[in-house]
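In case you want the letters, here they are:
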Amino acid sequence: MTQFKDIQTKIKLFYLILFGKIKKENNLIEISQKNKKPIKNILIIFPVKESSFRVAIYSFRSLSKNENINYYFIVNSVYQHHFNLSGHVFNLYHTKQKNKIDETFYDERIINKSFDIIIDLNNEFVYDICYMINKIKGYYKIGFNHNYSDYFYNIQLKTDVLEN
């Protein structure tokens, strides 16, 4: 079954690349003190898988807020009652059986907003979330390394364990 999903994902990505819907993230990013642009908007996408969500919410339990930074969080609606960080919280309706995001989410105002940093905490490839990240404007797009991560992130983290 996973081999079929892998082939299906490759076909979807081929179609999107062929028609210019997605492009590799090749934005050159510059990290220096001279050209330091103030960070105003940060988007953090929490994992859709329950075990990974629990690890991520535990890791962010002591997130200290900076009053000059707007924090935006995307959380699977199933775990909304476990989420207690303050900021702009958006519910994502992710169905486990189909491994898809509900289409109504794409109408949210978050798709049209520009972010300084986008952080995807999903350590496994989730096609719909990666496609959404590709559509959102962001200077730094940070995520975990996987087979297709070059198309979606300009900073990639290599780890097998989410706790790291």
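Everything numeric here is computed off the predicted structure, so don't read it as measured data. (Residues numbered from 1 in each chain as written. Predicted model: local features only at pLDDT ≥ 70, side-chain atom pairs only at ≥ 80, totals over all residues. Heavy atoms only, no water.)

Quick word on the confidence of the model for the protein chain
Item 1. In this model, the protein chain carries an average pLDDT of 78, and 74% of its residues clear a pLDDT of 70 or more.
Item 2. For the protein chain, the element scoring lowest by mean pLDDT is strand S5 (residues 100-101), at 66; strand S6 (residues 114-120) scores highest, at 92. (pLDDT = per-residue confidence, 0-100. Helix = DSSP H or I, 4+ residues; strand = E, 2+ residues; numbered from the N terminus.)

Section: helix H3 (residues 127-135)
Item 1. Most of H3 is tucked away: eight of the nine residues are buried.
Item 2. Considered for burial, the residues of H3 that qualify are Tyr127, Asp128, Ile129, Cys130, Tyr131, Met132, Ile133 and Asn134. (Buried < 20%, exposed > 50% of the residue type's maximum accessible area, 1.4 Å probe, protein only.)

Regarding the nonpolar core
The nonpolar side chains of soluble globular proteins are, as a tendency, buried together.
Item 1. Membership of the largest hydrophobic core comes to 24 residues, with the highest contact counts inside it found for Leu43, Ile45, Ile74, Ile110 and Ile129.
Item 2. Elements represented by at least two residues in this core include exactly helix H1 (2-18), strand S1 (41-45), strand S2 (70-76), strand S3 (88-92), S6 and H3.
Item 3. Core analysis: the next-biggest nonpolar cluster, separate from the first, contains 18 residues, Ala56, Phe83, Ile117 and Ile142 among them. (Core = buried A, V, L, I, M, F, W, Y, C linked by side-chain atoms within 4.5 Å.)

A short note on the packing of aromatic side chains
Item 1. All chains considered together, the criterion is met by 13 aromatic pairs.
Item 2. Both rings, one in phenylalanine 46 and one in phenylalanine 83, keep their centres 5.2 Å apart while their planes meet at 80 degrees; by these two values the pair is edge-to-face. Note that phenylalanine 46 is positioned in the loop between S1 and helix H2 (50-59) and phenylalanine 83 in the loop between S2 and S3, a separation of 37 residues in sequence. The two residues phenylalanine 46 and phenylalanine 83 agree in class, both being buried.
Item 3. Clustering of aromatic rings is evident, with ring pairs tying together Phe46, Phe53, Phe60, Tyr71, Phe73, Tyr79 and Phe83.
Item 4. Note that arginine 61 overlies the ring of tyrosine 58, its terminal NZ or CZ placed 3.9 Å from the centroid. (Phe/Tyr/Trp six-rings, centres within 6.5 Å; stacked < 30°, edge-to-face > 60°. Lys NZ or Arg CZ within 6 Å of the ring centre and 35° of its normal.)

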